[in-house]
Amino acid sequence: MKQYNSVINSIFDFCIKSNVNFVFISGNGGSGKSTFSKNLKKCFEENGLVANLVDTDDFITNTIVRKSAVANFINSVGEESKKSYSSSFVESYCLNSLNATIFNLQNKLDFYIVPKHAKDNSEYELLKGKANVHIFEGVGTQFLNKIPNSLFVYINCDLELEAKRRIHRARNGEKEKTFKEVLESCKERREQLKVHSLLDGSKFDLCLKSNSDFSFEVNKDVFNVLGGNIVNRDCDFAIKTIKQATNMLVNEFEVMQKGDSDVVTSMELNIEKFIIKKVKEQYPNFNIISEEISPNEKLSDNCVIINGIDGSVNVSKQMPIFGIQMAIIRGGINTAAVTYLPFLNELYFCDETTSYLNGKKINVVSCPVERGLIAATGTERIKKIVALKEHGLILRDYGSIAVAFAWVASGKINGAIYNGDKIWNYYPVLKICEKANALIVDKKGVHLAASDNNFLNIMLK
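Caption draft 1: Quick look at the pairing of strand β16 (residues 333-341). Judged by how many residues are buried, β16 sits mostly within the fold: 8 of 9 residues are covered. Here strand β15 (residues 323-330) folds back onto β16 in antiparallel fashion, the turn holding 2 residues, of which G331 has a positive phi close to 60°. Across 5 bridges, β16 lies against strand β17 (residues 346-350) in antiparallel orientation. Along β17, the bridge assignment pairs Y340 with L347.

And the structure:
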């Protein structure tokens, strides 16, 4: 169980570390989301930072108009019900205005909003476009689309606790109602909310359960916001997504010919589609470059590069030497690169500064040239192997660029060279080599990594 203050502090630390600019906090009534949001804002301000706090109920239709509306919804036993507004949530929120506000803040523009309590324009609230964090609180947040650099939080509580807190607040005449009446009203709101919202948890990164003492239990923590040893949220997302994709590795699959010497398997297509689906949910505005689905997409400052399986021919022959790869570029910076060799149980990844193998920092390893081992892959690998043999080197072709370069990063071999420009093949693992202090050549037609200058010079020849 996480105590209240430690949760606030952890979210604050996570936002600073992972460059999170937007925090969206939703939850059922009485869960404590408003108090939680105010405390989070206070935490930023006490640390000398600027925070905006927006109540999404300020973007809700006028109460009189709202309550005259009629909404249809399906209850938990599958029967259609017709109710006056009470909570036709989606229809009652002015989502266009709410989205426009977010767009302005994304573009660092100052923006005035009209809070519910405002009597005239002297009580309009100014949102500062250059604030360190923008906190949006209220049920309406869950109807918003995912945006980059955001954290979606959901706070829940038991039904009876919600009813008790509503009676304590007594905002809508609950004092005059019996506990049973308030409880039924809470049930009704939850039923309608289920129809319109994403309470299956797919949208939320952090799900908390509020207890009576305002401590919290953690039901879901996608990015290890409240603890753990992740490097950053992009690495964590890529690692978890690729590991989930390995559930699609099967013994029986279809093999399809792509060219004279290349194949693609149905398994690879399924993995790539799964990863793309996850990426679109988490990074809706990013370009996606992938080998089979979107190979012609352009590299951009915000994009994700995916290779469902690197080493398809090996896989088609039931050889376990292959890798699954992903890289995330955010704001023109490679924030995460992951290469996973599932049957070897080797998980390589890097952030902006450091490379890791199964969670431990790695570095290239040098040795005398005569004892060196080099891997050559790509269209001209035979010519490269013949040329490199003149130097007395041991040469290998592993049939997988991901495997060859990953082994350079972890010191198993001393160099790898790839002739070709299919970015999904080399980009993620070349970044891992770079952060493992390999010497890199990355130019059109030639991509290589070497453990030291001796091997680099030989490969360049």
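There is more to say, and it comes next.
Caption draft 2: Spotlight on unusual backbone geometry. Positive phi is not limited to glycine here, since Q318 has a value of about 65°. As for its placement among the helices and strands, Q318 is situated in the loop between α10 (312-316) and β15. A positive phi angle, near 50°, is found at N358, a position not held by glycine. Looking at where N358 falls in the secondary structure, it is placed in the loop between β18 (355-357) and β19 (360-361). Accessibility expressed as a relative area gives 43% for N358, which makes it partly exposed.

Caption draft 3: Highlighting the side chain of D58. Mapped onto the elements of the fold, D58 is located in the loop between β2 (51-55) and α3 (63-68). At 4.9 Å, K116 is the nearest oppositely charged side chain to D58, a buried residue that forms no salt bridge. Excluding residues that lie within four positions of it along the chain, D58 makes contacts with I113, V114, P115 and K116.

Caption draft 4: Inspection of the sheet that holds strand β13 (residues 287-290) at higher detail. Spatially, 7 strands are ordered β13-β14-β15-β16-β17-β18-β19 in an open sheet, and the strand pairing comes out mixed. Every interior strand has two partners, whereas the edge strands, β13 and β19, have only one. In the packing of helix α9 (residues 266-282) onto the sheet, contacts are made with β13, β14 (303-310) and β15, and the angle to β14 comes to roughly 160°.

Caption draft 5: A look at the packing of aromatic side chains. For the coordinates displayed, the defined rule picks out 13 aromatic pairs. The interplanar angle of 75° and the centroid separation of 5.1 Å between the aromatic rings of F237 and Y283 together place this pair among those described as edge-to-face. Of the two residues, F237 is situated in helix α8 (residues 233-245) and Y283 in the loop between α9 and β13; the sequence distance between them amounts to 46 residues. Pair check on accessibility: F237 and Y283 agree, each one buried. Joined through ring pairs, the aromatic side chains of F22, F24, F136 and F152 make up one cluster.

What counts, and at which threshold
Residues numbered from 1 in each chain as written. Predicted model: local features only at pLDDT ≥ 70, side-chain atom pairs only at ≥ 80, totals over all residues. Heavy atoms only, no water. Buried < 20%, exposed > 50% of the residue type's maximum accessible area, 1.4 Å probe, protein only. Helix = DSSP H or I, 4+ residues; strand = E, 2+ residues; numbered from the N terminus. Pairing = 2+ DSSP bridges. Lys, Arg positive; Asp, Glu negative; His and termini not counted. Salt bridge = Lys/Arg side-chain N within 4 Å of Asp/Glu carboxyl O. Contact = heavy atoms within 4.5 Å. Axes fitted to C-alpha atoms, helices over the stretch in contact; angles between N-to-C directions. Phe/Tyr/Trp six-rings, centres within 6.5 Å; stacked < 30°, edge-to-face > 60°.

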